[in-house]
Amino acid sequence: LWSRRHIARLDEAVPHRDRMIRTQANTLITSPPDRVFEFIAVDFFKNYQRWSPEVVSLQSISKGPVRVGTRGRQVRIDQGRRTEATFRVSTFEAGKRVEFQSTSEPPFWISYRLDSIADNTVLTFEFELSRLEFYMRPFEKLIRIAAQEGAERVVRNIKGLIEAQAPRGLRR
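No experiment lies behind these values; they were computed from the predicted model shown.

**A closer look at the nonpolar core**
Move 1: Counting residues in hydrophobic clusters, the biggest one holds 35 residues, and the most contacted among them are I40, W51, Y112 and I158.
Move 2: Top contributing element to this core by residue count: helix α5 (residues 140-165), with eight residues.
Move 3: Other than its neighbours up to four places away in sequence, I40 contacts W51, V98, Y112, L114, L123 and I158.

Spelled out as structure tokens, the structure:
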């Protein structure tokens with residue numbers, strides 16, 4: 001019979017990097033970085049559920065506009081599993097990058113980075129689950145695959161939403 005103490009020791013014996021899930025995806029959006037940043041960062045609480053439909057509830061728990069320190073709460077249903085999380089904006093660089101850090105379990109970090117190419121934007125989305133709980137380790141490969149598919153879906157959804165809203169003269 002395994003006690004919590006034995007499991008904790010096993011957990012500590014596995015190097016941190018082996019327990020982390022990290023994904024990245026990018027896409028080219030035919031819209032300037034300022035417009036993409038406004039959609040993703042400035043209007044985050046208005047638009048997030050549009051590109052991430054597994055989020056069934058989202059609310060700002062801070063007053064004022066989105067900025068470093070803004071806090072939020074979300075409820076997600078991923079593959080039938082309901083999770084709640086609180087988070088804060090950890091980086092807010094207008095037109096360039098917005099990052100979110102969890103303030104609850106599980107520990108996660110999310111980044112949306114924007115790079116300008118002519119009048120277009122390369123959006124790079126990164127997700128990191130800082131720690132994979134011991135009981136989830138047998139499913140690590142499936143979790144990595146699901147996280148990567150999720151990252152690719154995020155950039156695809158954002159691209160589709162922004163490009164669908166582009167004024168007719170700017171569509172390509």
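Past the structure itself, the notes keep going.
**Notes on helix α4 (residues 44-51)**
Move 1: If you check which residues of α4 are buried, you get F44, N47, Y48 and W51. The buried residues of α4 occupy an angular sector of 120° when projected down its axis, which confines them to one face.

**As for the pattern of salt bridges**
Move 1: Within the structure shown, the criterion is met by eight salt bridges.
Move 2: One salt bridge in this structure joins R82 and E84, with 2.7 Å as the shortest N-O distance.
Move 3: Residue class for R82 comes out exposed when judged on its relative accessible area of 53%.
Move 4: The exposure class assigned to E84 is partly exposed, which follows from its relative accessible area of 46%.
Move 5: Because the salt bridges share partners, they merge into one network encompassing R22, E126 and E128.

**Remarks on the environment of S104**
Move 1: With respect to the helices and strands, the residue S104 is situated in the loop between β5 (97-102) and β6 (108-117).
Move 2: On the basis of relative accessible area, S104 is assigned to the partly exposed category, the value being 23%.
Move 3: For the pair S104 and E84, spaced 20 residues apart in sequence, the C-alpha separation works out to 8.7 Å.
Move 4: Beyond its immediate chain neighbours, meaning those up to four positions away, S104 contacts E84, A85 and T86.
Move 5: Side-chain polar atoms of S104 contact the backbone nitrogen of T86, separated by 2.9 Å.

**Some remarks on helix α3 (residues 33-42)**
Move 1: Residues of α3 that are buried: P33, V36, F37, F39, I40 and A41. Across the axial projection of α3, the buried residues extend over an arc of 165°, all falling on one side.

**Considering the packing of aromatic side chains**
Move 1: Throughout the structure, instances matching the rule amount to 13 aromatic pairs.
Move 2: Each ring, one from F37 and one from F92, has its centre 5.1 Å from the other, and the planes form 70°; the classification is edge-to-face. Remark: F92 occurs in strand β4 (residues 81-93) and F37 occurs in helix α3; sequence separation between them is 55 residues.
Move 3: The class of F37 is buried, set by a relative accessible area of 5%.
Move 4: Judged by its relative accessible area of 24%, F92 is partly exposed.
Move 5: Look at F44 and Y48: their rings are 4.6 Å apart centre to centre, the planes differ by 25°, and that puts the pair in the stacked class. Here the residue F44 and the residue Y48 both occupy positions in helix α4, the gap between them amounting to four residues, near one helical turn.
Move 6: Taking relative accessible area as the criterion, F44 reaches 2% and is therefore assigned buried.
Move 7: The buried category is assigned to Y48, whose relative accessible area is 5%.
Move 8: An aromatic cluster is built from F39, F44, F45, Y48, W51, F87, F100, Y112 and F125, whose rings are joined through pairwise contacts.

Conventions used here
Residues numbered from 1 in each chain as written. Predicted model: local features only at pLDDT ≥ 70, side-chain atom pairs only at ≥ 80, totals over all residues. Heavy atoms only, no water. Core = buried A, V, L, I, M, F, W, Y, C linked by side-chain atoms within 4.5 Å. Buried < 20%, exposed > 50% of the residue type's maximum accessible area, 1.4 Å probe, protein only. Helix = DSSP H or I, 4+ residues; strand = E, 2+ residues; numbered from the N terminus. Contact = heavy atoms within 4.5 Å. Arc of directions from axis to C-beta. Salt bridge = Lys/Arg side-chain N within 4 Å of Asp/Glu carboxyl O. Polar contact = N/O pair within 3.5 Å; in protein donor to acceptor, adjacent residues only side chain to side chain. Phe/Tyr/Trp six-rings, centres within 6.5 Å; stacked < 30°, edge-to-face > 60°.

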